[in-house]
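Chain residues, written in single-letter form:
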Amino acid sequence: NGRILYCANEVKHLNGKIGAGGGVLAFAINRENGSLTLLNTQPSMGVHATWVTTDASGTRVVVANHGDADPIFRVVRKNGVPQIENFFDDGTVSMFAVKADGSLEPASDVAVFERTHGVDMRAQGSAHAHSANFDPSSRFVLACDTGGDHIYVYRVDPGSRTLANAKALKTRPGIAPRHNAFHPRLPYVFIIHERESSLASYHFDSKTGDVSLIQTVPTVPAAFTERNAPADIRVHPNGKFVYGGNRGHDSIAIFRIEEATGKMTLVDIVPAGGSNSREFNFEPSGKYMFVANMGSNNIVTFAVDPDTGKMAPTGPKIEAPKPASVQFVAL
């Protein structure tokens, strides 16, 4: 409704309290000038909160808590023999009910990812929750685990305050599913992979929450062999195109969506206008995209052709320290 902004606080010790984890903040938006007033802060029920979103009604908020990459070492005795055990912070998804004034109640439920790991024990030593989105019906939440190579789906019927009937889909090892984006009107969800330069389309059953892989496509040219870590993904508001961001190749890959099948065809790969783009987003009309380049400290504006999906820089840039996310609201 344009009145409240929710923000994830990506820390390990909220308000300086050791072991408190991350936080989620609620701000009231002044509709006269856009200024913000803090309403309250709740513990996010996990370490390094990295994602926050609301359902369609604005009555529930979910947060993805990434967890930490560094293990804790404990010495235990098994059958009298001293051994080292490693423990990691959990990757979690938490749900919060919204009060009448927009502030948040304490977490109503927390889903803990399977305590597993991926193929790279340094980057994937444990489960890492990196995104969690409501489907268009607000009956399910789909979450991505970059550490354990899983996609999780939770049932969250309207009015429910729990993350129920978890379904886990194991992806190919080592690809690290990171961010997801639902199609606005068709039964598809798209997921970008952090450790493989690729993007996948899935069929999503809005009755059961089941997901099934349709296609995986590369996000960089075949000749590019340097390090690349894809980050964000967005579906154009008109539903005709999906866009994936590359960190390393520093570009945005554009794909046309075949609406009958969910398959994708490459349209173009465009320089991002800076380095290490964390996220990007369309303003509501879909005519312009704004790319947050964390590495080069700028936000770059692109004009987008709604018929071809192609994008071109308009010239204006905003200088900003390490921009991570771009959101829009009509005041």
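In this text the structure is predicted, and so the values were computed from the model without any measurement.

K.L.:
Would you take a moment to explain the pairing of strand 4 (residues 49-54) for this structure?
P.N.:
Pairing analysis gives five bridges linking strand 4 to strand 5 (residues 60-65), with the strands arranged antiparallel. In the sheet register, Thr54 faces strand 5, and the bridge partner there is Val61.

K.L.:
Is there a simple way to explain the sheet that holds strand 3 (residues 36-43) in this structure?
P.N.:
Across a sheet, strands are paired by hydrogen bonds formed along the backbone, either parallel or antiparallel in direction. Read across the sheet, three strands follow the order 1-2-3 without closing on themselves; strand pairing throughout is antiparallel. Edge positions in the open sheet fall to strand 1 (4-9) and strand 3, since each of these has one partner strand only. Across the sheet, the axes of successive neighbouring strands diverge by a mean angle of 25 degrees, strand direction being ignored. Relative to strand 2 (residues 23-29), strand 1 is paired through six bridges, and the arrangement is antiparallel. Note that in strand 2 the partner of Tyr6 across the bridge is Ala26.

K.L.:
Got a minute to help me understand the layout of surface pockets in this structure?
P.N.:
Space left empty within the atom packing is revealed by a probe, the size of a water molecule, rolled over the atoms. By volume, the second largest pocket amounts to about 530 Å³. Of the residues that constitute the lining of the second largest pocket, the class distribution is five nonpolar, seven polar and eight charged.

K.L.:
What's the story with the pairing of strand 12 (residues 150-155) in this structure? I'm lost.
P.N.:
Within strand 12, five of the six residues are buried, which leaves it mostly tucked inside the rest of the structure. One ladder, built from six bridges, connects strand 11 (residues 140-145) with strand 12; its direction is antiparallel. Residue pairing across strands places Val141 opposite Tyr154, the latter belonging to strand 12. Remark: four residues form the turn of the hairpin made by strand 11 and strand 12, two consecutive strands paired antiparallel; Asp149 in that turn has positive phi of roughly 55 degrees. Of the strand pairs in this sheet, strand 12 and strand 13 (residues 164-170) are connected by five bridges, and their pairing is antiparallel. In the strand pairing of strand 13, Tyr152 is matched with Ala168.

K.L.:
Would you mind showing me how to read the sheet that holds strand 8 (residues 92-98) here?
P.N.:
The strand order across the open sheet built from four strands is 4-5-8-9, with neighbouring strands paired in antiparallel fashion. Only two strands of the sheet have a single neighbouring strand rather than two, namely strand 4 and strand 9 (104-112). Here the average twist between neighbouring strands, direction ignored, is 25 degrees. Note that strand 8 and strand 9 share six bridges and pair antiparallel. Bridge pairing links Val93 to Ala111 in strand 9.

K.L.:
Help me understand a nonpolar patch on the surface in this model?
P.N.:
A contiguous nonpolar patch, built from Phe73, Val75 and Ile84 and spanning about 370 Å² of accessible area, is present on the exposed surface. Along the chain, Phe73 falls in strand 6 (residues 72-78). On the basis of relative accessible area, Phe73 is assigned to the exposed category, the value being 58%.

K.L.:
Mind showing me how you'd approach the side chain of Ser201 here?
P.N.:
By the element assignment, Ser201 lies in strand 16 (residues 198-204). Among residues more than four places away in sequence, those in contact with Ser201 are Val189, Phe190, Ser212, Leu213, Ile214, Gln215, Gly262 and Met264.

K.L.:
Whenever I open this one, the packing of aromatic side chains confuses me. Can you help?
P.N.:
Under the criterion given, the structure shown has six aromatic pairs. Considering the side-chain rings of Phe182 and Phe204, the 5.1 Å spacing of their centres and the 80 degrees angle between planes classify their relative orientation as edge-to-face. Of this pair, Phe182 sits in strand 14 (residues 177-182) while Phe204 sits in strand 16, placing them 22 residues apart in sequence. The exposure classification of Phe182 matches that of Phe204, with both residues buried. We note Arg74 situated over the ring of Phe87; from NZ or CZ to the ring centre the distance is 4.8 Å.

K.L.:
How do you make sense of the nonpolar core when you look at a structure like this?
P.N.:
The biggest cluster of nonpolar side chains holds 17 residues, and the ones touching the most others in it are Phe113, Ala132, Val141, Ala143, Tyr154 and Leu163. Elements that contribute at least two residues to this core include exactly strand 5, strand 8, strand 10 (129-134), strand 11 and strand 12. For this core, the element with the most residues is strand 10, which contributes three residues. If we ignore the near neighbours within four places in the chain, the residues touching Ala132 are Trp51, Thr53, Val62, Ala64, Val93, Val141, Leu142, Ala143 and Asn180. Core analysis: the next-biggest nonpolar cluster, separate from the first, contains 14 residues, Phe241, Ile254, Phe280 and Val304 among them.

Cut-off values and rules
- Residues numbered from 1 in each chain as written.
- Predicted model: local features only at pLDDT ≥ 70, side-chain atom pairs only at ≥ 80, totals over all residues.
- Heavy atoms only, no water.
- Pairing = 2+ DSSP bridges.
- Helix = DSSP H or I, 4+ residues; strand = E, 2+ residues; numbered from the N terminus.
- Axes fitted to C-alpha atoms, helices over the stretch in contact; angles between N-to-C directions.
- 1 Å grid on protein atoms, 1.4 Å probe; cavity = no way out; pocket = protein on both sides within 12 Å on 5 of 7 lines; lining within 4 Å.
- Points joined across faces, edges and corners; volume = space filled by probe spheres on them.
- Nonpolar A, V, L, I, M, F, W, Y, C, P; charged D, E, K, R; others polar.
- Buried < 20%, exposed > 50% of the residue type's maximum accessible area, 1.4 Å probe, protein only.
- Patch = residues over 30% accessible without salt bridge, like charges linked within 9 Å, V, L, I, M, F, W, Y side chains within 5 Å.
- Areas by Shrake-Rupley, 256 points an atom, 1.4 Å probe, with all protein chains shown as cover.
- Salt bridge = Lys/Arg side-chain N within 4 Å of Asp/Glu carboxyl O.
- Contact = heavy atoms within 4.5 Å.
- Phe/Tyr/Trp six-rings, centres within 6.5 Å; stacked < 30°, edge-to-face > 60°.
- Lys NZ or Arg CZ within 6 Å of the ring centre and 35° of its normal.
- Core = buried A, V, L, I, M, F, W, Y, C linked by side-chain atoms within 4.5 Å.

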